[in-house]
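Letter by letter, the chains look like this.
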Protein chains: 2
Amino acid sequence: MKSTSSSSSPAYQPLYRQIKHLITESLMSGEWRPGEPIPSEFELAQRYNVSQGTVRKAISELAHQNLLVRHQGKGTFVASHSEERKNFPFLRITPDRGSLDAVSATLIDFWRIKLDADSARKLAVAEAASAYLIRRLLAPAGASVVYEEIRLPATVFEGLSAETVDLHHCMLYSMYESAFQVRIVHVDERIKAVAAEGEIAARLDVEEASAVLLIDRVAYTYGDKPVELRRSYCNTREHHYRNRIV
Amino acid sequence: MKSTSSSSSPAYQPLYRQIKHLITESLMSGEWRPGEPIPSEFELAQRYNVSQGTVRKAISELAHQNLLVRHQGKGTFVASHSEERKNFPFLRITPDRGSLDAVSATLIDFWRIKLDADSARKLAVAEAASAYLIRRLLAPAGASVVYEEIRLPATVFEGLSAETVDLHHCMLYSMYESAFQVRIVHVDERIKAVAAEGEIAARLDVEEASAVLLIDRVAYTYGDKPVELRRSYCNTREHHYRNRIV
DNA sequence: GAGTGGTCTAGACCACTCA
DNA sequence: GAGTGGTCTAGACCACTCA
């Protein structure tokens, strides 16, 4: 591969970014699947006809974005939610005291629906497109803390069943990978405080009009493609949302 | 500098991390101040007697942590909040529609206090240590959206006055740098939904017992030293807290 | 044109894993 | 011991800034 180092090029990209893009394409195509090793740096250098250092730089950026995981002496692996059981990077709700251990999830119901205009827009699909709606409760240490509604476009998750959802309870993102080859790579959230009303108050076992946390999430897979909408209501009496900003 | 590449060393650190530590020490000591350039990679390589590549790797990590900012062709600079006017990485409250432009801050009052036990513990100072308490309102586009109480240990911010706080309104972190040589490098937050009561409801112009967002922040300077406590109450009727998780 | 950071290479050697 | 990623070097050249 030759570096296209022309300063007049409208979209000049250094070599390592071109390599990064090629690796990402292989991840998207499923050539290497979550949890599996990718070829060694030496092999990739040969394949792309660049130096090992250039491959390293591409892999470093992908590892930084949590798309790849490197293990010295073993190899480089495609990041997988099933191997992140311990950290739960996308679950920010934490007990005020102690730590989060066993989280039990209870499926409330499961529907095939037509998306409303707003949801369709956020998922970048046609209005009234078909989708699955999951409603469920998360209960760390027994108490109902989170009630959530999850919308999944049918084009991506065709064939999803209540049984599949129920089986994987709190490990949904790991199920997306294994059953649908959909890896969630980042999420955007909007957080508000709202008054719990009706069913939500009942589900969270709080008084009508109590203050609860509302988290509106859009989850994206490779290539910034939105594939999940999630609205969570959280009882923050004994839990909080933790965040670190650097 | 020689690499101490002994596998039996209890705390083996690669060369570039040792360099990173030396650079951090210079930042802490104030040898290079926020906004100022640090020596070029070539000069630092000579100073530490390592290759330019090793210095680059150390600087890259520091740039990634937002402690340094690199500008191709110009040099490497100590990160400064006053040069981040545009992004406000630590201000996560955003209007639901449109973007945040002018934020006006109104000082409510300013006190010299003795820290309660909990605050003293979070700031890692002795109980009843002296501190400043700032209470103020933030009003993007006129409406009062955030009421906050800020606690600053007197040992670090000795001589702070209401006038200084008032002058710098919403750019407090930039004032910490210029007036006290304290650069905030990261913050930890705990977020809850609570009912607004009494003064808080009045200040935010919401009904008693309305749901508001509570953000408890600890802000740290170099070396993970806590130097600010901030409790913010936010009216999220037309604003939200935005977050991206990768 | 001089000086800065940014990319890329080739090669040496270290640290770790696994058979 | 073979294979992996991790570190470090020296050197070439590119891209950008500023006088």
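Residues numbered from 1 in each chain as written. Chains lettered and ligands numbered in written order. Predicted model: local features only at pLDDT ≥ 70, side-chain atom pairs only at ≥ 80, totals over all residues. Heavy atoms only, no water.

### Side note on the protein's contact with DNA strand D
To keep things clear, this is the line we draw: When we say a residue is near a molecule or strand, we mean one of its heavy atoms is within 4 Å of it. Pairs of N or O atoms within 3.5 Å make up the polar contacts considered here, provided that, within protein, one atom can donate a hydrogen while the other can accept it, and that residues adjacent in sequence are counted only when both atoms are side-chain atoms. Put simply, DSSP marks the helices as runs of H or I at least four residues long and the strands as runs of E at least two long, and each gets a number from the N terminus on.
Not every one of the 20 residues close to DNA strand D is listed here, only the nearest: L15, Y16, S51, T54 and K57 of chain B. Residue Q72 of chain A places a side-chain N or O atom 3.0 Å away from a base nitrogen belonging to DNA strand D. Sorting the residues of the surface near DNA strand D by element identifies β1 (68-71) and β2 (75-78) of chain A together with α1 (15-29) and α3 (52-64) of chain B as the ones contributing at least two each.

### Concerning the domain arrangement of chain A
Residue and element names in this part refer to chain A. Counted only if it meets this: Residue ranges for the domains originate in an automatic or database domain assignment. The contact rule is simple, with two residues in contact once any of their heavy atoms fall within 4.5 Å. A quick way to say it: buried area is the sum, across both parts, of accessible area lost when two parts are put together, with a 1.4 Å probe. In what follows, salt bridge is the name for a side-chain nitrogen of Lys or Arg lying within 4 Å of a carboxyl oxygen of Asp or Glu. Residue type decides the class: Asp, Glu, Lys and Arg count as charged, Ala, Val, Leu, Ile, Met, Phe, Trp, Tyr, Cys and Pro as nonpolar, and the leftover types, Gly among them, as polar.
Each assigned domain of chain A is listed here: domain 1 (15-78) and domain 2 (84-241). Relative placement of domain 1 and domain 2: their C-alpha centres are 31 Å apart. Tallying the contact residues gives 7 residues for domain 1 and 5 residues for domain 2. Interface of domain 1 and domain 2: buried area, both sides summed, is about 600 Å²; carbon and sulfur atoms make up 65% of it. Interface area lost by domain 1 to domain 2 is led by M28, P34 and L67, which between them contribute 53%. Seen at the junction of domain 1 and domain 2, the total is 0 salt bridges. The interface formed by domain 1 and domain 2 holds 1 residue pair in polar contact (both at pLDDT 80 or more) in total. Its residues placed into classes, the side of domain 1 that touches domain 2 shows 5 nonpolar, 1 polar and 1 charged.

### Section: the confidence of the model for chain A
Keep this limit in mind: Here pLDDT means the predictor's own confidence in every residue, given as a number from 0 to 100.
Per-residue pLDDT for chain A has a mean of 91; in total, 94% of the residues score no lower than 70. Within the model, pLDDT remains below 50 along residues 1-10 of chain A, and this stretch shows 13 contacts once partners closer than five positions in the same chain are excluded.

### Side note on the interface of chain B and chain A
Between chain B and chain A, the contact holds 31 residues from the first and 31 residues from the second. Regarding the contact of chain B and chain A, the summed buried area is about 2800 Å², with carbon and sulfur atoms giving 49% of it. The salt bridge involving R244 of chain B is made with D188 of chain A; its shortest N-O contact spans 3.0 Å. On inspection of chain B and its partner chain A, the count reaches 25 residue pairs in polar contact (both at pLDDT 80 or more). Where the side of chain B that touches chain A is concerned, the elements lending two or more residues are β7 (186-195), β8 (211-221) and β10 (239-245) of chain B. Here the side of chain B that touches chain A is composed, by residue class, of 14 nonpolar, 7 polar and 10 charged.

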